[in-house]
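As a plain string of letters, each chain reads:
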Amino acid sequence: TIQNEKTVLFRVAEEASIPCPCPENSYCTYTNVERNDFWQISEDKYNVYHNCTCKDGFTGDDGWRCDMINECSNNDNWPCAPIDEGGFCVNTHPNNPKYPKYKCGCRSGFIADENYTIDVNHGVKHCLKNVTDEDICNERIFPTIV
């Protein structure tokens, strides 16, 4: 199978002490077949070729220049509670052990909506306006007229 072939090729590269020449933010894929998008890294009996692919959380066209993705800058795919509902997003490093890629939370004046569980990898994704006793009192004394 293809998975077994990849495992064998990775072991061959390790056995031949062929280090992965890819940058830190990408990983190697090995093959023993000459292909357009692979580079030869050993001309011995192993005849190993490699390709670099950006790791999860990084993007780049060729696997050599992998830039960190800013999940918080994508308004079309905002990962946290909407801003107008009190949400915020902080971009983090993909290798961050507590919050990989990004962290969500609620801005001041908002609290976590207890009807939803907190995302263990990314924090609070649902916020509610924090209604205080003073807010309730003011609403009774000065009701909002619509």
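Quick note: structure is the one above.
Note that the structure is a prediction, hence the values are computed from the model and not measured. (Residues numbered from 1 in each chain as written. Predicted model: local features only at pLDDT ≥ 70, side-chain atom pairs only at ≥ 80, totals over all residues. Heavy atoms only, no water.)

### Concerning the state of the cysteines
Under the defined criterion, the tally for this structure stands at 5 disulfides. Cys-72 shares a disulfide with Cys-89; S-S distance 1.9 Å. As the torsion about the S-S bond is roughly -65 degrees, the Cys-72-Cys-89 disulfide counts as left-handed. On the criterion of sequence distance, the pair formed by Cys-72 in the loop between β5 (67–68) and β6 (87–91) and Cys-89 in strand β6 is long-range, its members being 17 residues apart. You'll find Cys-72 and Cys-89 in the same group, each marked buried. Bridging Cys-80 to Cys-104, the disulfide has an S-S length of 1.9 Å. With the S-S dihedral at roughly -75 degrees, the linkage between Cys-80 and Cys-104 falls on the left-handed side. Remark: Cys-104 occurs in strand β7 (residues 102–106) and Cys-80 occurs in the loop between β5 and β6; sequence separation between them is 24 residues. Here Cys-104 falls in the buried class, since its relative accessible area comes to 2%. (Disulfide = S-S within 2.5 Å. Helix = DSSP H or I, 4+ residues; strand = E, 2+ residues; numbered from the N terminus. Buried < 20%, exposed > 50% of the residue type's maximum accessible area, 1.4 Å probe, protein only.)

### Some remarks on the side chain of Glu-71
Tracing the chain through its elements places Glu-71 in the loop between β5 and β6. One buried charged residue, Glu-71, forms no salt bridge at all, with the nearest opposite charge on Lys-101 at 4.8 Å. Look past the residues within four positions of Glu-71 in its chain and what remains in contact with it is Pro-79, Asn-91, Lys-101 and Tyr-102. (Lys, Arg positive; Asp, Glu negative; His and termini not counted. Salt bridge = Lys/Arg side-chain N within 4 Å of Asp/Glu carboxyl O. Contact = heavy atoms within 4.5 Å.)

### Let's talk about the side chain of Asp-113
With respect to the secondary-structure elements, Asp-113 resides in the loop between β8 (110–112) and β9 (127–129). Despite its burial, Asp-113 remains without a salt bridge, the nearest opposite charge being carried by Lys-125 at 14 Å. Looking at Asp-113, its side chain comes within polar contact range of the main-chain nitrogen of Asn-115, at 2.9 Å. Every residue in contact with Asp-113, bar those within four places of it in the chain, is listed here: His-126, Cys-127 and Leu-128. (Polar contact = N/O pair within 3.5 Å; in protein donor to acceptor, adjacent residues only side chain to side chain.)

### Remarks on the packing of aromatic side chains
In total, this model carries 0 aromatic pairs according to the counting rule given. Residue placement shows Lys-129 over the ring face of Phe-110; its charged tip is 5.7 Å from the ring centre. (Phe/Tyr/Trp six-rings, centres within 6.5 Å; stacked < 30°, edge-to-face > 60°. Lys NZ or Arg CZ within 6 Å of the ring centre and 35° of its normal.)

### Some details on the pairing of β7
Within β7, 4 of the 5 residues are buried, leaving the element largely enclosed by the surrounding structure. Judged from the 5 bridges that link them, β6 and β7 form a sheet pairing that is antiparallel. Along β7, the bridge assignment pairs Asn-91 with Tyr-102. (Pairing = 2+ DSSP bridges.)

### Observations concerning empty space enclosed by the protein
It is the rolling of a water-molecule-sized probe over the atoms that shows where space remains empty. As enumerated under the stated definition, the model contains 1 cavity of 30 Å³ or more in all. Space inside the largest cavity adds up to approximately 30 Å³. Every residue lining the largest cavity is listed: Ala-112, Asp-113, Tyr-116, Thr-117, Ile-118, Val-124, Lys-125 and His-126. Residue classes in the lining of the largest cavity are distributed as 4 nonpolar, 2 polar and 2 charged. (1 Å grid on protein atoms, 1.4 Å probe; cavity = no way out; pocket = protein on both sides within 12 Å on 5 of 7 lines; lining within 4 Å. Points joined across faces, edges and corners; volume = space filled by probe spheres on them. Nonpolar A, V, L, I, M, F, W, Y, C, P; charged D, E, K, R; others polar.)

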